[in-house]
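Close look at the chain arrangement
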Amino acid sequence: MQIGLVLSGGGVKGAAHIGVLKALQEKNIEVTAISGTSSGSIVATLFACGYSAEEIYYIFKKYCRYITDYDKMIPFKVLNTLFTGKIRLKSIAKGDNIEYIVNNMCYRKGKIDISQLNIPCAIPAVDICDGKVVYFCSRNITLSRNEKVFDDVPDIIFNGKLSDIVRASSAFPAIFAPKKIGKYVLVDGGIRVNSPVSILRKIRENNEKIMVVYFEKLDNIAKCQNIIETTVKSFDIMGHQINQDEIEKADYKVDIESRDIGLLDISKIDYMVNLGYNVAKRYLKNIN
C-alpha cells in the first residue's frame, strides 16, 4: 500500500511523526509523497532525503538541545527598550542552529535543494509582509485562480536550499526570527497552513490516498504561566478552525491527542515518539 503523508506542526509534539513513520514501516505501508509544516517540515525533509524513522529519532535526540540558540543580547535589548521606548527585540532565538543542523543532515544524503528530494515533498511558510502562503515544492505544478488558500492564491517555488526552507517553515513568531528567502520574509507555515493536505494532493505522482497526522486537542489555556506559553496557545486558538478545512481533505486522519507539552520541551521527545507510534498502530489496524 502507498500513501501520501502530511505532518502537521506542533513544536516538540512533532516528534510523534517519527513514531508514526515507524508504525507505517512495520505495516509495510510505503510513503511515496510527503508534506510538513514547522516541526513537521523537519521530519518530512529528513524522510524525503532518505533517512529512516530510527535515524530521524537519533538525529532528534542528538541535536534537540541545540535548536534553541537564544539571543544572548536579549537582556540588553530589553533594557534598551525600557530606556528608549523602542522595541528592538525581534525574537528570543535566532533559528540559525536549526538551519545548520538540517543543512548538515541533508548534505550527508547529497540533498541540498528541495528539487533533489527522493519523493514529492511540499513545505509551506508565510510571508510576514503580506500574509501570503508560500509553498516550496519538489515538483513543478500550477494552481488555478480557483485554488485559493482563503483569500489569495499561494506562491509556489520549485527550488531552494532545504535548510533555508525548513528554517522558514519553523520560524514560530516571537520565538524564532523570520527567514528571508528571495523577496520573501518568512515565518512559520502553521499560521495559515498547519496541515498542508491540498498541496500534497497536487504534487503526488500516483494518486495515493492522503494521511494527515495532527494535534487536534487544545491545551488548557488557564495554565499559561509565561509569555511564551501565552503566545503559543494564542496561535493554537487562532489556527484551530483554520486547520479544519485542510484536515477534512485527507482520506485518513490520525489525531495525536497530547496535552500540556511545551513548544520546546525537549524532555518530552521520547514520550511523543512513543505516543505517535501507539496511536498510529491502533489506527492502522483498520486500514487494509
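Residues numbered from 1 in each chain as written. Predicted model: local features only at pLDDT ≥ 70, side-chain atom pairs only at ≥ 80, totals over all residues. Heavy atoms only, no water.

1. Description of the environment of valine 197
Our working definition: Strands here are runs of E lasting at least two residues and helices are runs of H or I lasting at least four, both read from the DSSP assignment and numbered beginning at the N terminus. Should any heavy atoms of two residues lie within 4.5 Å, those residues are considered in contact.
You can see valine 197 is positioned in helix α7 (residues 197–203). Distance from valine 197 to methionine 211, taken between C-alpha atoms, is 8.5 Å for residues 14 residues apart in sequence. What valine 197 contacts, discounting residues up to four positions off in sequence, is Val6, Ile210, Val212, Glu246, Lys249 and Ala250.

2. Considering the nonpolar core
Condition: We call a set of buried Ala, Val, Leu, Ile, Met, Phe, Trp, Tyr and Cys residues a nonpolar core when their side-chain atoms join them within 4.5 Å. Relative accessible area decides the class of each residue, using a 1.4 Å probe on protein chains only: under 20% of the type maximum gives buried, over 50% gives exposed, and in between gives partly exposed.
Core analysis: the biggest nonpolar cluster contains 68 residues, and Leu5, Leu24, Ile34, Met211 and Ile256 have the highest contact counts within it. It is helix α9 (residues 269–284) that provides the largest number of residues to this core, a total of 8 residues. Those residues in contact with leucine 5 that sit more than four places away from it in its chain are Leu21, Leu24, Val31, Ala33, Ile34, Ser35, Leu200, Met211 and Val213. Within the second largest apolar cluster, 18 residues are counted, among which are Ala33, Tyr135, Ile199 and Tyr214.

3. Digging into the confidence of the model for the protein chain
How we decide: Each residue carries a pLDDT score, the predictor's own confidence in it, on a scale running from 0 to 100.
Averaged over every residue, the pLDDT of the protein chain is 84; the share at 70 or more is 77%. Every residue in residues 69–89 scores below 50 in pLDDT, and together they form 26 contacts with partners more than four places removed in sequence or on other chains.

4. A short note on the environment of isoleucine 156
Residue placement: isoleucine 156 occurs in strand β5 (residues 155–157). Excluding residues that lie within four positions of it along the chain, isoleucine 156 makes contacts with Tyr135, Cys137, Ile141, Leu143 and Ile199.

5. Regarding the packing of helix α2 (residues 39–49) against helix α3 (residues 53–63)
Selection rule: Only the stretch in contact is used when a helix axis is fitted, and all axes are lines through C-alpha atoms; the angle between N-to-C directions ranges over 0 to 180 degrees. Note on terminology: angles under 35 degrees are roughly parallel, angles over 145 are roughly antiparallel, angles of 65 to 115 are roughly perpendicular, and the others are oblique. With the far helix as reference, a near helix turned anticlockwise by less than a right angle produces a left-handed crossing, and one turned clockwise produces a right-handed crossing. Throughout this entry, Asp, Glu, Lys and Arg are counted as charged residues, while Ala, Val, Leu, Ile, Met, Phe, Trp, Tyr, Cys and Pro are counted as nonpolar. The remaining residues, Gly among them, count as polar.
Direction vectors running N to C along α2 and α3 enclose 130 degrees, while the axes themselves pass 10 Å from each other. Taken together, the axes of α2 and α3 lie oblique to each other. Read as a crossing pair, α2 and α3 show a hand that is right-handed. Residues Ile42, Val43, Leu46 and Phe47 of α2 form the contact with α3, whose own contacting residues are Ile56, Ile59 and Phe60. For the contact of α2 with α3, the residue count by class is 7 nonpolar, no polar and no charged.

6. Here's the deal with the state of the cysteines
Cut-off, in case you're wondering: Put simply, a disulfide is two cysteine sulfurs that come within 2.5 Å.
Summed over all chains, the structure comprises 0 disulfides. With no disulfide of its own, cysteine 106 has cysteine 49 as its nearest cysteine by sulfur position, at a separation of 3.6 Å. The exposure class of cysteine 106 is buried, given its relative accessible area of 2%. Note on cysteine 137: no disulfide assigned, nearest cysteine sulfur contributed by cysteine 121 at a separation of 8.3 Å.

7. A few points about α9
Heads up, the rule is: To estimate the expected span of a helix, count its residues, drop one, and scale the result by 1.5 Å.
Taking 1.5 Å per residue as the helical rise, α9 with its 16 residues ought to reach 22 Å, and the 22 Å between its terminal C-alpha atoms agrees with that figure. Residues Ile269, Met272, Val273, Leu275, Gly276, Tyr277, Val279, Ala280 and Leu284 constitute the buried set of α9. Buried residues along α9 sit against α1 (16–26), α3, β8 (209–214) and β9 (252–255).

8. Digging into the pairing of strand β1 (residues 2–7)
Put simply, the test is: Pairing between strands is defined by DSSP: at least two bridges between them are needed.
β1 sits mainly inside the fold: 5 of its 6 residues count as buried. Here 6 bridges tie β1 to strand β2 (residues 30–36), and the two strands are oriented parallel to one another. Residue pairing for β2: glutamine 2 is matched across the bridge by glutamate 30. Here 5 bridges tie β1 to β8, and the two strands are oriented parallel to one another. In the strand pairing of β8, leucine 5 is matched with methionine 211.

9. Describing the pattern of salt bridges
So the rule is basically this: In what follows, salt bridge is the name for a side-chain nitrogen of Lys or Arg lying within 4 Å of a carboxyl oxygen of Asp or Glu.
Considering all chains together, one arrives at 10 salt bridges under this definition. Lysine 132 is paired through a salt bridge with aspartate 155; the nearest N and O atoms lie 3.4 Å apart. Taken together, the positions of lysine 132 in the loop between β3 (121–127) and β4 (133–137) and aspartate 155 in strand β5 put the pair 23 residues apart, joining distant regions of the chain. Close ionic contact of glutamate 246 with lysine 249 constitutes a salt bridge, the shortest N to O distance being 3.3 Å. Three or more residues are tied together by salt bridges with common partners; here these are Glu99, Asp164, Arg167 and Lys179.

10. Considering the side chain of arginine 192
Quick note on the threshold: Pairs of N or O atoms are called polar contacts if they sit within 3.5 Å, as long as, within protein, a hydrogen donor faces a hydrogen acceptor (for residues adjacent in sequence, only side-chain-to-side-chain pairs).
Residue position: arginine 192 is located in the loop between β7 (184–188) and α7. Here the side chain of arginine 192 touches glycine 131 through a polar contact of 2.4 Å, landing on its backbone oxygen.

11. A closer look at the packing of aromatic side chains
Any pair of aromatic rings gets described here by the distance separating the centres and the angle formed by the planes. Counted only if it meets this: Aromatic rings from Phe, Tyr and Trp, taking only the six-membered ring of Trp, are treated as a pair when their centres fall within 6.5 Å; an angle between ring planes under 30 degrees marks them as stacked, one over 60 as edge-to-face, and anything in between as tilted. Note on geometry: a ring has a charge over it if NZ (lysine) or CZ (arginine) is within 6 Å of the ring centre and within 35 degrees of the ring normal.
As enumerated under the stated definition, the model contains 0 aromatic pairs in all. In this structure, lysine 22 packs its charged tip against the face of tyrosine 277, placed 4.9 Å from the ring centre. Looking at lysine 109, its charged tip hangs above the ring of tyrosine 51, at a distance of 4.7 Å from the centre.

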